[in-house]
Amino acid sequence: MKTRLAELKKYEIPVIHLAIGLLWILGGNIFLHNLTVHLPRELQISYQTYKGITYVAITSIILFLLLNNHRKQIISSEQQYRSLFACNPNPMWVYNTETKRIIKVNNAAVKNYGYSSQEFLKLSIYDIRPQEYREKLDQTIAGYKESHQYAGRWIHRKKSGEEFSVSVISHSVRFNDQDCRMVLAIDIEELVQNENKLKQAYSVEKELNQALESNNKILQS
């Protein structure tokens, strides 16, 4: 639904301009004909000229107002988008899809990964992962078929060398006239640790049950 509205929005200004033009031409012609039908030909031509000049002036003003309003909406939308990116509590960054270089990061990425904004801009998406994940990353990116993509769980590495688990979501964007992807990385290290604890607890419980069953068989024999 949002996509359809966005598509319709693109044609809003030319459609309004076309509608005004048609109404002005058709309505104006009828009005001038009734007004000047008994006047000399020279005056009729003059009135037609004035009508044309008036049309150009009015439509120029309307187009200016529409375009100015559209520009304000774009600026407001961009500001909101930048604010959502910069203030998102989860790490986010934008990387060039060809070079794999990181070209934009948010505050949470700086805080969680330990790199400054300038240091991040010297890194590629390979640099925040252990070396052994490079091939897997290339294969994953090559397999992207949708604009919005869930990339699954990954191990990331901070500037300190500490490794932790993240869940990664990305989507394609056009940023600074470059083909890029915007990445959202959610820290799930605590969740993974809890899952491991549950697995360990289940494993211990399974061993105890097996031992108990074995002891029961011995006692019954």
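Residues numbered from 1 in each chain as written. Predicted model: local features only at pLDDT ≥ 70, side-chain atom pairs only at ≥ 80, totals over all residues. Heavy atoms only, no water.

Visitor: How would you summarise the overall build of the protein chain if you had to cite specific residues and measurements?
Guide: When helices and strands are counted, the protein chain shows 7 helices and 5 strands. The buried share among the 221 residues of the protein chain stands at 24%. Sequence-distant contacts in the protein chain: of pairs separated by 6 or more residues, those separated by 24 or more amount to 43%. If you sum the accessible surface of the protein chain, you get close to 15,900 Å²; carbon and sulfur atoms cover 58% of it. (Helix = DSSP H or I, 4+ residues; strand = E, 2+ residues; numbered from the N terminus. Buried < 20%, exposed > 50% of the residue type's maximum accessible area, 1.4 Å probe, protein only. Contact = heavy atoms within 4.5 Å. Areas by Shrake-Rupley, 256 points an atom, 1.4 Å probe, with all protein chains shown as cover.)

Visitor: Can you explain the nonpolar core? Please cite residues and give values.
Guide: Grouped together as the largest cluster of nonpolar side chains are 22 residues, with contacts concentrated most on Trp93, Tyr113 and Phe120. Here the element with the most residues in this core is strand 4 (residues 163–175); it accounts for 3 residues. Core analysis: the second largest hydrophobic core is formed by 6 residues, Phe85, Met92, Val94 and Met182 among them. (Core = buried A, V, L, I, M, F, W, Y, C linked by side-chain atoms within 4.5 Å.)

Visitor: Outline unusual backbone geometry, supporting the account with residue identities and numerical values.
Guide: The backbone of Lys100 shows a phi angle near 65 degrees, a positive value even though the residue is not glycine. In this structure, Lys100 sits in the loop between strand 1 (92–96) and strand 2 (102–105). Judged by relative accessible area, which is 14%, Lys100 ranks as buried. Phi is positive for Asp177, which is not a glycine, with a value near 60 degrees. On the accessibility criterion, Asp177 (68% relative accessible area) is exposed.

Visitor: For the pattern of salt bridges, give the residues involved together with the corresponding values.
Guide: Scanning the entire structure with this criterion turns up 4 salt bridges. Residues Arg157 and Glu163 are paired through a salt bridge, measuring 2.7 Å at the closest nitrogen-oxygen approach. In this structure Glu163 comes out as partly exposed when scored by relative accessible area, which is 37%. Here Lys158 makes a salt bridge to Glu162, at a shortest N to O gap of 3.7 Å. Classification of Glu162 as partly exposed rests on a relative accessible area of 43%. (Salt bridge = Lys/Arg side-chain N within 4 Å of Asp/Glu carboxyl O.)

Visitor: Break down the pairing of strand 3 (residues 148–157) for me, citing the residues and quoting the values.
Guide: Strand direction decides the pairing type here: strand 3 and strand 4, joined by 9 bridges, are antiparallel. The partner of Ile155 across the bridge, within strand 4, is Ser165. Here strand 3 folds back onto strand 4 in antiparallel fashion, the turn holding 5 residues, of which Gly161 has a positive phi close to 100 degrees. (Pairing = 2+ DSSP bridges.)

Visitor: Before we move on, can you summarise the packing of aromatic side chains with the specific residues and values?
Guide: Evaluated as defined, the whole model comprises 5 aromatic pairs. Aromatic ring contacts, followed pair by pair, group Trp93, Tyr113, Tyr115, Phe120 and Phe164 into a single cluster. (Phe/Tyr/Trp six-rings, centres within 6.5 Å; stacked < 30°, edge-to-face > 60°.)

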